[in-house]
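Topology and contacts: notes
Spelled out from the first residue to the last, the chains are:
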Amino acid sequence: MMKKFKYLIPKTLDEAVSLNQSHEGSAMYVAGGTDVMVKIKSGKLAPDYLISLKHIGVGSQLGVNRETGALHIGGLVTHRALETSSLIRLQYPIIHDAVQRIGSTQIRNVATIGGNLVNAVPSADGAIPLIALDARVNIYGSAGERTVDLVHFFEGPGQTVMDPGEIVTEIVVPKQPSRTGGAYQKFGRRAAMELPLIGVGVLITLEEGSNRCAKARITLGVAAPTPIRTLTAERYLVGKEVTENTLNEAGKLAAEESRVRDSVRGLAWYRREMVLVFVQRMGVKCMQRIKETEAL
Ligand SMILES: Cc1cc2nc3c(=O)[nH]c(=O)nc-3n(C[C@H](O)[C@H](O)[C@H](O)COP(=O)(O)OP(=O)(O)OC[C@H]3O[C@@H](n4cnc5c(N)ncnc54)[C@H](O)[C@@H]3O)c2cc1C
């Protein structure tokens, strides 16, 4: 039988942090609850207190800062809110690609981006595009606020750099240079409700007036114990014309750099092949998206 817990509803960030402190070790935060409740029901977690983050008054905003041009996504923003935002669909399609395939509509209606990051599974669909976009995470705790680059946020499966009691308040995506295109592919055997065999995010910025690559990000999920960037593949692309051939070579390098493993869902050699295929395909999609934006 599921263990009973007390459900606490703090109204401010500080109240949430201090409730967590006063019940140290026996309390945990809950946002959408899609991960927490599954773990409580299966007996993997048995907290005495669940501290809801839904009413703390921060973390629900989504928008662009007019001065810096940076995109701010509150930690409590749901995948569905991201999926249905025209800002995300038009200006950050790489995020849209990812969030529209998380779980089902019911899951996306309640599951949050902050919960997805803190849950820290190697397949976290929300994380891969955000790492490609050089996102940073704002974290609040009893010692105040700090900021961590998302690529350094994950330490292992289920492990992050967060201290107990800290809260993800928002994710900040810096303004991207013009001529940037991004795309994400979650590859699985079914269209929905499945963890990916591999997740591939590609982001390319082109130099002005040519197809030469000025910046590249190639990020992978389920290819290592945490979401990763493939630096050798990224460096290879920079300074080169982006063509099917160079994307193919970048895909090979990314596949070599990945640390894929055999699992019940797929064998390592197959996952490596899929990295190659999807880096190339997502690269082509980035180029199409850059061209589409320029044609507007
Ligand atoms: C049927 C099903 C399908 C799913 N499909 C996918 C999928 O396709 N892709 C995918 O990536 N994930 C998937 N998930 C996992 C899950 O839905 C996501 O990880 C989701 O984004 C978690 O958000 P949440 O708000 O529900 O987190 P919660 O369950 O509320 O919390 C998750 C963890 O994060 C902590 N936490 C939550 N918010 C914060 C915060 N702001 N600050 C600090 N700590 C916090 C909680 O204490 C807990 O440890 C699926 C889950 C289910 C049940």
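Throughout this document, residue positions are counted from 1 along each chain, in the order its sequence is written. Given that this is a predicted model, residues contribute local features only at a pLDDT of at least 70 and side-chain atom pairs are listed and counted only at 80 or more, while totals for whole chains, interfaces and linings are drawn from all residues. Side-chain metrics in this entry use all non-hydrogen atoms of the structure; hydrogen atoms and water are not considered.

With that out of the way, let us pick up the environment of R271. If you trace the backbone, R271 turns up in helix α11 (residues 268-295). For the pair R271 and F187, spaced 84 residues apart in sequence, the C-alpha separation works out to 9.5 Å. Residues contacting R271, with those up to four places away along its chain left out, are L197, I198, V222, V260, R261, D262, S263, R265 and G266. Nitrogen and oxygen atoms within 3.5 Å of one another constitute a polar contact, given that in protein one can donate a hydrogen and the other can accept it, and given that sequence-neighbouring residues count only through two side-chain atoms. Side chain to side chain, R271 and S263 meet in a polar contact 3.4 Å long. Each helix is a run of H or I in the DSSP string that is no shorter than four residues. Each strand is a run of E no shorter than two, and both are numbered from the N terminus. Pairs of residues are marked as contacts when any of their non-hydrogen atoms sit within 4.5 Å.

Residue types Ala, Val, Leu, Ile, Met, Phe, Trp, Tyr and Cys, when buried and joined through side-chain atoms within 4.5 Å, form a set referred to as a nonpolar core. Only protein chains enter the area calculation, which uses a 1.4 Å probe; residues under 20% of their type maximum are buried, those over 50% are exposed, and those in between are partly exposed. Ranked by size, the top nonpolar core spans 34 residues in total, and within it I73, I95, L130, L150 and F153 carry the most contacts. Broken down by secondary-structure element, the contributors of at least two residues to this core are β5 (71-74), α5 (93-99), α7 (113-119), α8 (127-132), β6 (136-141) and β10 (167-173). No other element matches α8, which puts five residues into this core. Contact partners of I95, with chain neighbours within four places excluded, come to L71, I73, I88, P129, L130 and L133. In this structure, L197, L206, V260 and M274 belong to the second largest nonpolar core, which totals 33 residues.

It is worth spelling out the sheet that holds strand β13 (residues 213-221) at this point. In space, the four strands of this open sheet follow the order β11-β12-β13-β14, with antiparallel pairing throughout. Each having just a single partner strand, β11 (180-187) and β14 (228-229) make up the two edges of the open sheet. The criterion for strand pairing is that DSSP finds at least two bridges linking the strands in question. The pairing of β11 with strand β12 (residues 198-206) spans eight bridges and is classified as antiparallel. Directly across from G181, in β12, lies its bridge partner I204. Packing against the sheet, α11 makes contact with β11, β12 and β13, and its axis sits at approximately 35 degrees to β12. Fitted lines through C-alpha atoms give the axes, limited to the stretch in contact for helices. The angle between two N-to-C directions lies from 0 to 180 degrees.

Neighbouring the ligand are 30 residues, the closest being Y29, T34, H79, T112 and K186. Separating an oxygen atom of the ligand from a backbone N or O atom of G33 is a distance of 2.8 Å. In short, Shrake-Rupley with a 1.4 Å probe defines the accessible areas, and a residue's cover is counted only from the protein chains shown. Protein contacts shield 88% of the accessible area of the ligand, which totals 980 Å² for the unbound molecule. Think of it as three bins: nonpolar holds Ala, Val, Leu, Ile, Met, Phe, Trp, Tyr, Cys and Pro, charged holds Asp, Glu, Lys and Arg, and polar takes everything else, Gly as well. Here the shell around the ligand is composed, by residue class, of 16 nonpolar, nine polar and five charged. Working definition: residue near molecule or strand if any one of its non-hydrogen atoms lies within 4 Å of it.

On to the sheet that holds strand β3 (residues 49-52), then. Sheet architecture is open: three strands sit in the order β1-β3-β2, paired in parallel fashion. Taken across any chain shown, the strands that pair with only one partner, and hence form the sheet edges, are β1 (6-8) and β2 (27-30). Here the average twist between neighbouring strands, direction ignored, is 25 degrees. Sheet topology note: the β1/β3 ladder contains three bridges and is parallel. Note on β3: the bridge partner recorded for Y7 is L50.

Residues Y49 and I51 point to one face of β3 and L50 and S52 to the other, with burial holding for every one of them. Alignment of β2 against β3, held across four bridges, turns out to be parallel. Across the sheet, the residue bridging to A27 is Y49, located in β3. A right-handed crossover is one whose linking path, passing over the helix from the first strand to the second, runs clockwise when the strands point away from the viewer. The handedness of the β2 to β3 crossover, carried by helix α2 (residues 36-41), is right-handed.

Here we come to the packing of aromatic side chains. Between 30 and 60 degrees the pair is tilted, below 30 it is stacked and above 60 it is edge-to-face, where a pair is any two Phe, Tyr or Trp rings, Trp via its six-membered ring, whose centres lie within 6.5 Å. Summed over the entire model, instances satisfying the criterion amount to four aromatic pairs. Aromatic pair F153 and F154: ring centres 5.2 Å apart, planes at 90 degrees, arrangement edge-to-face. Judged on exposure class, the residue F153 and its partner F154 are both buried. Ring centres of W269 and Y270 lie 5.8 Å apart, and the angle between their planes is 75 degrees; this geometry places the pair in the edge-to-face category. The exposed category is assigned to W269, whose relative accessible area is 54%. Three or more aromatic residues link up through ring pairs in this structure, and these residues are F187, W269, Y270 and F278.

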